[in-house]
Every structure is written in structure tokens, then in C-alpha cells.
Amino acid sequence: MLDIDKIRKDFPILNRKVNGKPLVYFDNAATSQTPQQVIDVIVDYYSNYNANIHRGVHALSQEATDKYEAARLTIQNHFNAKHAYEIIYTSGTTESINLVAHGFAALLNKSDEVIVSALEHHSNIVPWQMLCEKTGATLKVIPMNQEGELDMVVYAQLLSNKTKLVFVNHISNALGTINPIESIIKQAHNVGAAVLIDGAQACPHVKPDVQALNVDFYVTSAHKMCGPTGVGMLYGKQEWLEKLPPYQGGGEMIDQVSFEKTTYAGLPHKFEAGTPNICGGIAFGAAIDYMNTVGFETIANYENELLKYGTEKLLEIDGLKIYGTAKNKTSVISFNLDGIHPYDVGTLLDKMGIAVRTGHHCAQPIMDYFKIPGTIRASFAFYNTKQEIDALVEGIKKAKMMLS
Ligand SMILES: *Cc1c(COP(=O)(O)O)cnc(C)c1O
């Protein structure tokens, strides 16, 4: 059982008011809130041992290096990577995907094919389009159905020995669909293709095991799982990380530099040019520790309760339609009110202190599929409550009366 009163005390921001009303924060799919335990780690870093890492002999530099590398081990353990050097620190999911797409430009040619899904975030579409433009490779799309589930029959048909890469999100940020990634990975491997899973939306809800999944690349951002913005990770299997060329040149990623020839550092430093987000990396580790203390099973059970309750309550509102009704989904509810623009509802809800997201959620192809300009999205985290869902439902009813 999750002790919600105790949990809510960990998040100072949940005490604040917005427009004179208690904050109801339902924009967790865009970014999560930060517990005091993680804020303390950030304050401690800048108060006590702020220094550049890996190159100093002095005490502060060594302390910062130790904590930064300890956080890498925390991330490795959490995702069950075989080696710590298979965890590459990045600025987040977007950079992780770009790093892999950049690397594959050197490995693909005109006759190759890559497969993406119709459910993707723009950051898991555009880098691959750029890759296809550069290499002449062809981009194929796994379609989805009205429920927001991927069509696995078409997926099987798209795969061939021309397929070199498949990239799919673990959980859709726009609809909440949990994709059958185990099966997607297995089938891709059967034709010799590599798989990248975008885990940005999954990591706040589940604990992925990259070895059990046998996935080639898994990427995520810290800020969606109680950590700070501007830091994230790329997990890559050693053999793939060795095959890919470096992403950026600079300090830290080199072995020897001369004007005649430069040799690159080994993993993970080959992909970590320049001074990284040191404090962010350490805080990422603290966020993972925090979430594991709460427990992912406890989180999943509680959030499923919120999802069930929220879905039932929202569907009681006349003219409200939910987009994304997959059997297997997480605590994200995308919806619209008949004849009312999502933006207008979002603006009125904000006046009542309720934070939801409106728009295309960086997934325009999904909105095109449903022929809508966007949705209102309420995304729940383990620190939200049923009372807050009641406030949302009341707010929507009020907004509806004002707008119709
Ligand atoms: C948030 C999100 C991203 C982008 O993450 P950034 O932290 O902005 O790089 C990519 N994919 C999914 C599914 C997301 O939810």
C-alpha cells in the first residue's frame, strides 16, 4: 500500500497555490515533480563539492567524480545493464536518440529500411527522417488502430532482411498505450535488425530490464522520473556502442590528440564529450533511489487505481471522448469535449489551479489519425489523489458550461 500523505509531504511544490487554488498537477507526462530528497542532493552538490570531474587531483574533483560514477552504477543496476560503461549520460531522450541516429548514418545505405511506429513522439521520428535523408534508407511506419494499439500483423509484414533498425516507444506519451516491446524486439532480431526503445514515458511507471528485454538501445530522461531536466541516458549494448562512431568531438572523449591523428577514449567516455551535467547525473541517481524506495509495484498498483477511477469519472461527463483505449495502458488520459477546443478547456482549468496539457503532445501523426487538432491530456503520477481527479471532473463540468 502506498502511504499517500507521507508521499505528498516529499514534494514541496504540491503545497503551492495557483490562481488562489491548491495546485492540481496533472502534467506528469511532460515532466514530473521533484521530491525533497532529490532537491537536497542538488543543494548539497552546489553547497559542498561543485567541481569538474575526471581530471582533477584535488578533493572536490574526486568527490564529484566518485558521486557521478556512483550514480552511473545506480542507473546500471536499475536498468540491469551488464556493464556500467553501457550507460551513456546524455542531456535526455532527445539527445540519446540523435546520438544513435547520427551513428547509424555511417552504417546504412540506400537499400536499407528502418521502421518507426505511428505512436511516436516527434523526437523519435524526426532524427530518423534526417537519417533517411542522409543515407537514402527508407522509413516504414507500423500503423495503429482506433484504440491506439500498434498493428502487429502489419509490423510482421514490414520486417524483412532489408530492415536494419526498429524504433518504438515503450509507452506512448500521447495516449498511454503500453506497447508489446518484448515481441517487437524478438521479431526484429529474427531478421537481424537492431531495436531502440524510447522509454521516456515508461520509466516513471515501470522498471525495465534491458538484459531480459535483450534490447539494443534503451533511452530515457531523468525529468520524467522525479529527477532534474537536462540529463538522461542512453543504454546501448557494448557491441553496438563500439560499432557506432562518436557523436560529438571535444574534451573527455579522446585518448590522444595531435593534429595528425586523434584517438578516441573507450566507453562510456567516447560519447561523453565536454563537461557534462554533473549535478544532474548525481541527482538522476538520487531520483532512481527515491522511486525504488517507493517501489515500482506499489506505484503501478496505485496509478492503475487512479487510471480506472479517472476514466470512469471522466466518461460520466456528457460529450467527453477519450482517445487511447488500449487494453494495456498507463495513467495517461487524453480526451476532448464535443465541439470545444482543447486549448479553451486547458485555459479555464488553469484558472482553477489545475495543470493539464493541451495540444498535439509532440505527436502530430496521432492527432492526424484521429482527425483532431489536439487533446486535453491529464497524466497522473503516484503523488496524485482521487480527490484531485474529482476537482478535475468538477473543473471540466464548469468549463463546459462556460464554453457551450
Ligand atoms: C518526453 C518524451 C520524449 C522527449 O524527452 P526529452 O526529455 O524532451 O528529450 C521522447 N519520447 C517520449 C515518449 C516522451 O514522453
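Preceding block: the structure.
This one's a predicted model, so the numbers in the text were calculated from it and none came from an experiment.

Peer 1: Please explain the pairing of strand β11 (residues 254-257) as it appears in this structure.
Peer 2: Each regular strand carries side chains that alternate between the two faces of the sheet. Two elements, β11 and strand β12 (residues 262-264), share three bridges in a ladder whose sense is antiparallel. Each bridged residue has a counterpart across the sheet, and for Gln-256 the counterpart in β12 is Thr-263. Hairpin remark: β11 followed by β12, antiparallel, with four residues in the connecting loop.

Peer 1: What's the story with the sheet that holds strand β13 (residues 320-323) in this structure? I'm lost.
Peer 2: Strand pairs in the sheet, formed through backbone hydrogen bonds, run parallel or antiparallel to each other. Taken in spatial order, the four strands make up an open sheet running β13-β14-β17-β16, and their pairing is antiparallel. The two strands at the open ends of the sheet, each matched to only one other strand, are β13 and β16 (357-359). Each strand axis lies, on average, 30° off the axis of its neighbour in the sheet, ignoring direction. The pairing of strand β14 (residues 332-337) with strand β17 (residues 375-379) spans four bridges and is antiparallel. The partner of Ile-333 across the bridge, within β17, is Ala-378.

Peer 1: Quick question: what am I supposed to make of the side chain of Ser-221 here?
Peer 2: As for its position among the elements, Ser-221 is in strand β9 (residues 217-221). On the basis of relative accessible area, Ser-221 is assigned to the buried category, the value being 6%. Each residue touching Ser-221, except ones within four places of it in the same chain, is listed here: Gly-92, Thr-93, Val-231 and Gly-232.

Peer 1: Teacher, can you tell me more about the packing of helix α2 (residues 36-49) against helix α10 (residues 278-294) here?
Peer 2: For any two helices packed against each other, one specifies the crossing angle of their axes together with the interaxial distance. Close contact between α2 and α10 brings their axes to 9 Å; oriented N to C, the two are set at 150°. Comparing their axes, α10 and α2 come out roughly antiparallel. At the point where α2 passes α10, the crossing takes the right-handed sense. Of α10, the residues touching α2 (which contributes Gln-37, Val-38, Val-41, Ile-42, Tyr-45, Tyr-46 and Tyr-49) are Ile-278, Cys-279, Ile-282, Ala-283, Ala-286, Ala-287 and Tyr-290.

Peer 1: Help me understand the nonpolar core, please; the structure alone is not making it clear to me.
Peer 2: In a soluble, globular protein the nonpolar side chains are often hidden away together inside. If you look at the biggest cluster of nonpolar residues, it comprises 103 residues, and the most contacted ones within it are Val-166, Tyr-218 and Phe-382. Tallying contributions element by element places α10 first for this core, with 11 residues. A domain split of this core shows at least three residues from each of domain 1 (4-30 + 296-403) and domain 2 (39-292). Aside from chain neighbours lying at most four places away, what touches Tyr-218 is Phe-79, His-170, Ile-197, Gly-199, Ala-202, Cys-203, Pro-208, Val-210, Leu-213, Met-233, Leu-234 and Tyr-235. Listed in part, the 25 residues of the second largest apolar core include Ile-88, Val-100, Phe-167 and Ala-194.

Peer 1: Can you help me understand the sheet that holds strand β5 (residues 113-117) in this one?
Peer 2: Spatially, seven strands are ordered β4-β10-β9-β8-β7-β5-β6 in an open sheet, and the strand pairing comes out mixed. The open sheet has two free edges, formed respectively by β4 (87-90) and β6 (138-142), since each of these has just one partner strand. Strand-to-strand twist in this sheet, taken as the mean axis angle between neighbours without regard to direction, amounts to 20°. By the bridge criterion, five bridges tie strand β7 (residues 163-169) to strand β8 (residues 194-198) in an arrangement that is parallel. Note on β8: the bridge partner recorded for Leu-165 is Ala-194. Of the strands in this sheet, β4, β9 and β10 (232-236) are in contact with helix α3 (residues 59-79), which crosses β4 at around 120°. The strands touched by helix α7 (residues 181-190) are β7 and β8; relative to β8, the strand with the most contacts, the crossing angle is about 160°.

Peer 1: Before we go on, may I ask you to explain the pattern of salt bridges in this structure?
Peer 2: Once the charged atoms of two side chains with opposite charge are near each other, the side chains can pair. The final tally for this structure, using the stated rule, is 10 salt bridges. For Asp-27, the salt bridge is made with Arg-357, and the minimal N-O distance between the two is 3.0 Å. With a gap of 330 residues between them, Asp-27 in the loop between β3 (24-25) and α2 and Arg-357 in strand β16 connect regions that are remote in the sequence. What makes Arg-357 partly exposed here is its relative accessible area of 37%. Where Asp-112 meets Lys-164, a salt bridge forms, and the shortest distance between an N and an O atom there is 3.4 Å. Note that Asp-112 is positioned in the loop between α4 (93-104) and β5 and Lys-164 in strand β7, a separation of 52 residues in sequence. Residue classification places Asp-112 among the buried residues on the basis of a relative accessible area of 6%. Classification of Lys-164 as partly exposed rests on a relative accessible area of 28%. Several salt bridges converge on common partners, so that one network encompasses Asp-27, Arg-357 and Arg-377.

Cut-offs applied
- Residues numbered from 1 in each chain as written.
- Predicted model: local features only at pLDDT ≥ 70, side-chain atom pairs only at ≥ 80, totals over all residues.
- Heavy atoms only, no water.
- Pairing = 2+ DSSP bridges.
- Helix = DSSP H or I, 4+ residues; strand = E, 2+ residues; numbered from the N terminus.
- Axes fitted to C-alpha atoms, helices over the stretch in contact; angles between N-to-C directions.
- Buried < 20%, exposed > 50% of the residue type's maximum accessible area, 1.4 Å probe, protein only.
- Contact = heavy atoms within 4.5 Å.
- Parallel < 35°, antiparallel > 145°, perpendicular 65-115°, else oblique.
- Left-handed = near helix turned anticlockwise from the far one by under 90°.
- Core = buried A, V, L, I, M, F, W, Y, C linked by side-chain atoms within 4.5 Å.
- Domains from an automatic or database assignment.
- Salt bridge = Lys/Arg side-chain N within 4 Å of Asp/Glu carboxyl O.

Note that all results are geometric; they support no functional claim without further evidence.
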